[in-house]
Amino acid sequence: NDGDTMPVLVIGTGYGGAVAALRLAQAGQNVIMVEKGMSWTQPGSDGKVFCNMLNPDGRSYWLRTETDQPINHFMGAPYNKSISSYTGVLDSEQFSGIRIYQGRGVGGGSLVNGGMAVTPKQENFASILPSVDAGPMYSTYYPRANAGLKVNNIDQTWFQGADCYQFARVGIKQAQRSGFAYTFVPNVYDFNYMKQEQASTAPRSALDAEVIYGNNYGKNSLDKTYLAAASGTGKVTIVPQHVVTTVAPANGGGYSVSMNQIDTSGNTVKAKTVTAQKVFFAAGSVGTSKLLVTQKATGKLPNLPDSVGTGWGNNGNVMVARQNQAWDATGSLQSCIPCVGIDNWADSGGPAFAEVSPFPAGIETFASLYLAITKNPNRGTFTYNSGTGGVDLNWQTAWNQPSIDCAKRIFDKINSKEGTIYRTDLFGEYKTWGDDFAYHPLGGCVLNVSTDNYGRLTPYPGLYVIDGSLIPGLTTVNPFVTITALAERNIEKIIAEDFH
Ligand code: FAD
């Protein structure tokens, strides 16, 4: 409530925020979490909390009147649909050279993501977080994160016969035929539940085109894991539909935090200001970066370092699809949960880790779709725009060319071996590469650059960053396990040293 004082405020309920809240509560602290998006617990008129990808409605997107699908064309024609404007679960945030997809709601990105829970290879860790000692990460914090997130592995015998993974088996066969390594990828989606979906003994979710607009069943998103455990301590209160706008030192100590309570049309219904002794920024790479560059530029937190807003990368994301031969059908029933990756990271000429993605059209398409994570050296910078009062990102679409070059090393070879071609009708008219959007924003407040080596904003004691903005642009694999493990490491240190 307006005027309240509190010991700890966490901004955002994604991975970083959820870890902070749980561990602080277990250490005896009372924690308030504020979240811009909704609490996704109430079913709509169709009896479901979330809509699926084939029939999107207002629940799908954050305040848009038309969907903005990653695959926005089909057979070369625009494929978006009209929807009612609502505080939906997936935000496609447009910057000049890239649109960045993010989850909105209690659970952040865990509500909309593919659940792929990948621990990077230890040999690559020094390139991900150079100032962090890999030993304890791999002995303690990655295992702790995997346990907290309820990561599980697919039953490979079942996989071989499941209709819903025909597309993935085709992906493996073709990777092998071209000499590429592949790996099964762990997930937070409950694979035992998926077996029941395939057997038609439980309501379908992953097998009913549900993922980027939320899963009604099966997925252990953060609201079912870390956040449920945090609430279970009785010490954590989650306040949805509140957008934090300013953070500044308060008279008499602590920080004054202003926020707008919004309705489902995005309109402010009440402005509130509270005072917190300690504040954790966990609004995600984009959200935290935007908040910090704004506070610095508008004089609320003028002593933040100049590096705030820099070091942003897209995890080398690029998407592409291939059209298979008639004997390589990919299946009309596809699980929306990816479970296989082609691992070409060891190729020093162009490292890439490409997940074999579902393309749930409900019909046979003979298409193979991939989301590649690549080694792209380009980094963007967020800056405050005093004209608009917003925050710009200087990333340019052309900066994704190194990612395309990495991905081509895999898919040119597969096309040549299979006698197949790229599809050019999915990401625009005659456009092969999905190079102008990202699922994996990382950086903007890099660990040991803009913060100390544990996420403290040192000019302001009691302010911390604990989300994907700490990671300098690339994790070599899908990022959320690394975000979670780093948060586990940092919060342990912060609790030991800063909370007495
Ligand atoms: P987030 O999870 O983004 O959480 C930040 C939260 O803060 C959000 O809930 C947001 O609404 C809230 N917020 C923002 N600004 C404010 C504000 N001003 N006031 C209050 N609240 C605010 N990663 C994987 O590892 N595997 C995958 O399979 C995978 N698939 C993905 C698929 C899609 C479609 C998308 C979009 C992402 C995917 N990701 C995946 C990426 C992953 O979800 C993100 O890396 C992760 O969620 C980032 O965690 P975070 O804690 O940094 O922030």
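Report on the accompanying structure. Within each chain, residues carry numbers counting from 1 in the order of the written sequence. With the structure being a predicted model, the display of local features is reserved for residues of pLDDT at least 70 and the display and counting of side-chain atom pairs for 80 or more, all residues being used for whole-chain, interface and lining totals. Computation of side-chain values covers all heavy atoms of the structure but excludes hydrogens and water.

### Remarks on the nonpolar core
Within the largest apolar cluster, 84 residues are counted, with the highest numbers of intra-cluster contacts made by I11, L24, V247, F280, F281 and L463. If one sorts the elements of this core by residue count, helix α10 (residues 480-498) sits on top with 9 residues. Should any heavy atoms of two residues lie within 4.5 Å, those residues are counted as being in contact. Not counting chain neighbours up to four residues away, the residues in contact with V247 comprise I11, Y255, S256, V257, F281, Q295, K300, L301 and L463. Among buried residues, the Ala, Val, Leu, Ile, Met, Phe, Trp, Tyr and Cys ones that are joined through side-chain atoms within 4.5 Å form a nonpolar core. Accessible area is worked out with a 1.4 Å probe on protein chains only. A residue is then buried under 20% of its type maximum, exposed over 50%, and partly exposed in between. One finds F159, C164, F191 and L207 within the second-largest nonpolar core, a separate group that totals 65 residues. Numbering of helices and strands starts at the N terminus; helices are DSSP runs of H or I of at least 4 residues and strands are runs of E of at least 2.

### Regarding the packing of aromatic side chains
For Phe, Tyr and Trp, where Trp contributes only its six-membered ring, two rings pair if their centres lie within 6.5 Å, and the inter-plane angle classes them as stacked under 30 degrees, edge-to-face over 60, or tilted in between. Scanning the entire structure with this criterion turns up 25 aromatic pairs. Measuring from centroid to centroid gives 4.8 Å for Y138 and Y142, while their planes differ by 45°, and the two rings are tilted. Taken together, the positions of Y138 and Y142, both in helix α3 (residues 134-148) and 4 residues apart, correspond to about one turn of that helix. Comparing Y138 with Y142, the two get one shared label, buried.

### Regarding the sheet that holds strand β14 (residues 352-357)
If you trace the 6 strands from one edge of the open sheet to the other, you get β7-β13-β14-β15-β12-β18, paired in antiparallel fashion. With partners counted over all chains shown, the strands left at the sheet margins are β7 (181-184) and β18 (421-422), one partner each. Note on definitions: angles span 0 to 180 degrees between N-to-C directions of axes, and those axes are lines fitted to C-alpha atoms, for helices only across the stretch in contact. This element, helix α5 (residues 166-177), spans β7, β12 (318-323), β13 (340-343), β14 and β15 (367-374) of the sheet and lies at about 145° to β14. Packing against the sheet, helix α9 (residues 401-418) makes contact with β12, β13, β14, β15 and β18, and its axis sits at approximately 10° to β12. Any two strands with at least two DSSP bridges between them are considered paired.

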